[in-house]
Amino acid sequence: MPIVNVTEQLAMQILQDSEIYDLLKCKCEQCISDVLAMTLNRLLTRYVTTDAGRVFVNVNYYLQPQLQSDIVTELTRSALQVANHPHHAQTSKAADTQ
């Protein structure tokens, strides 16, 4: 099994399965990647190399409300920042009306 950042997997799952996703005005790959990168830079990483390690981290996630809260808080913060200041070029409204 390759090295896996379980925090990244949990963050991606929460982003896809929550209302946080709806905060994004643009849901392109760049915006989603920006949200995840910003979020992961603010959270502790939890790397595992075995399935047993992955299960251990996942169990801790569900047993520790603070870990859940940290991920949701950082995802929300990042989604709002990306929604207000997307990294990619925006199309102008003039181009949309033509």
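Report follows, based on the coordinates. (Residues numbered from 1 in each chain as written. Predicted model: local features only at pLDDT ≥ 70, side-chain atom pairs only at ≥ 80, totals over all residues. Heavy atoms only, no water.)

## So, the environment of Gln81
Alright, step 1. Inspection of the secondary structure assignment puts Gln81 in helix α4 (residues 65–84).
Alright, step 2. Its relative accessible area of 38% is what places Gln81 among the partly exposed residues.
Alright, step 3. Spatially, the C-alpha atoms of Gln81 and Leu24 are 9.2 Å apart, while their sequence positions differ by 57 residues.
Alright, step 4. With near-sequence residues (within four places) excluded, Gln81 lies in contact with Met38 and Arg42.
Alright, step 5. A distance of 3.4 Å separates a polar atom in the side chain of Gln81 from a polar atom in the side chain of Arg42. (Helix = DSSP H or I, 4+ residues; strand = E, 2+ residues; numbered from the N terminus. Buried < 20%, exposed > 50% of the residue type's maximum accessible area, 1.4 Å probe, protein only. Contact = heavy atoms within 4.5 Å. Polar contact = N/O pair within 3.5 Å; in protein donor to acceptor, adjacent residues only side chain to side chain.)

## Notes on the state of the cysteines
Alright, step 1. Taken as a whole and judged by the stated rule, the model has zero disulfides.
Alright, step 2. Of all cysteine sulfurs in the structure, the one in Cys26 sits closest to Cys28, which takes part in no disulfide; the separation is 3.4 Å.
Alright, step 3. Residue Cys31 stays outside any disulfide, its sulfur separated by 3.7 Å from that of Cys28, the closest cysteine.
Alright, step 4. When its relative accessible area of 2% is taken as the criterion, Cys31 is described as buried. (Disulfide = S-S within 2.5 Å.)

## A word on α4
Alright, step 1. Under the 1.5 Å per step criterion, the end-to-end length of α4 is 29 Å for 20 residues, consistent within 8% with the ideal 28 Å.
Alright, step 2. All of the buried residues along α4 are Leu67, Ile71, Glu74, Leu75, Ser78, Ala79, Val82 and Ala83. Projected down its long axis, α4 shows its buried positions confined to an angular sector of 160°, all on one face. With respect to the buried face of α4, the exposed residues turned more than 90 degrees away are Pro65, Gln66 and Asn84.
Alright, step 3. Buried residues along α4 sit against α1 (6–16), α2 (29–42) and α3 (51–63). (Expected span 1.5 Å × (residues − 1). Arc of directions from axis to C-beta.)

## Some details on the environment of Arg54
Alright, step 1. The residue Arg54 is located in helix α3 in this model.
Alright, step 2. Considering only alpha carbons, one finds Arg54 and Asn5, 49 residues apart in sequence, at a separation of 9.0 Å.
Alright, step 3. With residues near it in sequence (within four places) discarded, Arg54 still touches Met1, Val4, Val6, Gln9 and Val48.

## Notes on the packing of α2 against α4
Alright, step 1. The interhelical angle for the contact between α2 and α4, taken along N-to-C directions, is 135°, at an axis separation of 8 Å. Put simply, α2 runs oblique to α4. Crossing of α2 over α4 shows right-handed handedness. Residues Cys31, Asp34, Val35, Leu36, Met38, Thr39 and Arg42 of α2 touch α4, and the partners they reach there are Ile71, Glu74, Leu75, Arg77, Ser78, Ala79, Gln81 and Val82.
Alright, step 2. Residues belonging to the contact of α2 with α4 are distributed by class as follows: eight nonpolar, three polar and four charged. (Axes fitted to C-alpha atoms, helices over the stretch in contact; angles between N-to-C directions. Parallel < 35°, antiparallel > 145°, perpendicular 65-115°, else oblique. Left-handed = near helix turned anticlockwise from the far one by under 90°. Nonpolar A, V, L, I, M, F, W, Y, C, P; charged D, E, K, R; others polar.)

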